[in-house]
Amino acid sequence: MFDFEKLEVYQIAKNLVTDSLKIIFSNEKLDPYIKDQWKKACMDILLNLAEGTGRMTSADKKHYITIARSAVFECVAILQVLGELNSIPLSQAQDLYDRYEKVSKMLLGMYRSHSE
């Protein structure tokens, strides 16, 4: 097992990203540009978290955690626009929002734990 797979935040984020991607892939009404941006932001959460875990210095780790957290913010901004457009059900949007918020807080805690 790789180190990043042992992280609770990674497991929670992976489930969130998987659920987000299921919505993206199944919703044919979504604008292709928005779908691409959301897919990229989702994957950036996981990929930067994984990459940062593999880095050796605290500064490098913090850099990738920051990028992962920024990708969470991108997802939330996209989610809010989709909600305003009624492109996804409100209950589904709220569930994703809450889960993105949890991941964001966990990443912030992780960032702070690498302070030197």
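Scroll up for the structure.
Counting restarts for each chain: residues are numbered from 1 in the order of the written sequence. Two thresholds apply to this predicted model, a pLDDT of at least 70 for residue-level local features and 80 or more for giving and counting side-chain atom pairs, whereas whole-chain, interface and lining totals are computed over all residues. Heavy atoms from the whole structure form the basis of all side-chain values; hydrogens and water molecules are not counted.

Novice: Can you walk me through the overall build of the protein chain in this structure?
Specialist: Only runs of H or I of at least four residues qualify as helices and only runs of E of at least two qualify as strands under DSSP, and these elements are numbered from the N terminus. In terms of regular secondary structure, the protein chain is built from 4 helices and 0 strands. Helices (α) and strands (β) of the protein chain occur, in sequence order from the N terminus, as α-α-α-α. Taken over the C-alpha trace, the protein chain has a radius of gyration of 14 Å; the compact-globule value for 116 residues is 13 Å, and the two agree within 12%. Across its three principal axes, the protein chain shows a C-alpha extent of roughly 45 × 20 × 20 Å. Among the 116 residues that make up the protein chain, the fraction classed as buried is 39%. Between two residues, a contact is recorded if the distance between any of their heavy atoms is within 4.5 Å. In the protein chain, the share of contacts with a sequence separation of at least 24, taken over all contacts with a separation of at least 6, comes to 72%. Summed over its atoms, the accessible surface of the protein chain is roughly 7000 Å², and 54% of this surface lies on carbon and sulfur atoms. We score Asp and Glu as negative and Lys and Arg as positive, and we do not count His or the chain ends. Each charge is placed at NZ for Lys, CZ for Arg, CG for Asp and CD for Glu. Put simply, the protein chain has 15 plus and 16 minus side-chain charges, and the middle of one group is 3 Å from the middle of the other. Atoms considered for the radius of gyration are the C-alpha atoms alone. The globule rule reads 2.2 Å times the number of residues to the power 0.38. Exposed residues in this analysis have more than 50% of their type's maximum accessible area, buried residues have under 20%, and partly exposed residues fall in between, with area computed by a 1.4 Å probe over protein chains only. Note that accessible areas follow from Shrake-Rupley with a 1.4 Å probe, and for residues the cover is restricted to the protein chains shown.

Novice: For this particular structure, what's the right way to read helix α3 (residues 58-84)?
Specialist: Along an α-helix, a turn takes 3.6 residues, which lines up residues three or four apart on a common side. Helix span, as expected, comes to 1.5 Å for every residue beyond the first. Taking 1.5 Å of rise per residue, 27 residues should cover 39 Å, and α3 covers 39 Å from first to last C-alpha, within 8% of that figure. Those residues of α3 that are buried lie in contact with α2 (32-54) and α4 (90-113). Downstream of α3 by one or two residues, Asn86 has phi in the positive range, about 55°.

Novice: Explain α4 to me, please; I cannot follow it from the model alone.
Specialist: Taking 1.5 Å per residue, 24 residues should reach 34 Å; α4 reaches 35 Å between its end C-alpha atoms and fits that length. Ala93, Leu96, Tyr100, Val103, Ser104, Leu107 and Met110 are the residues of α4 that are buried. Residues of α4 that are buried make contact with α1 (8-26), α2 and α3.

Novice: Help me understand the nonpolar core in this model?
Specialist: Soluble globular proteins tend to pack their nonpolar side chains together in the buried interior. Counting residues in hydrophobic clusters, the biggest one holds 33 residues, and the most contacted among them are Trp38, Ile45, Tyr100, Val103 and Leu107. Of all elements in the fold, only α1, α2, α3 and α4 reach the threshold of two or more residues within this core. The biggest single contributor to this core is α3, with 9 residues. Residues in contact with Ile45, not counting those within four places in the same chain, are Ala13, Val17, Ala68, Ala71, Val72, Cys75, Tyr100 and Val103. What makes a nonpolar core is a set of buried Ala, Val, Leu, Ile, Met, Phe, Trp, Tyr and Cys residues whose side-chain atoms join them at distances within 4.5 Å.

Novice: Would you mind showing me how to read unusual backbone geometry here?
Specialist: In most cases, non-glycine residues show a negative phi, while peptide bonds are predominantly trans. Of note, the phi angle at Asn86 is positive, near 55°, even though the residue is not glycine. The exposure class of Asn86 is exposed, given its relative accessible area of 67%.

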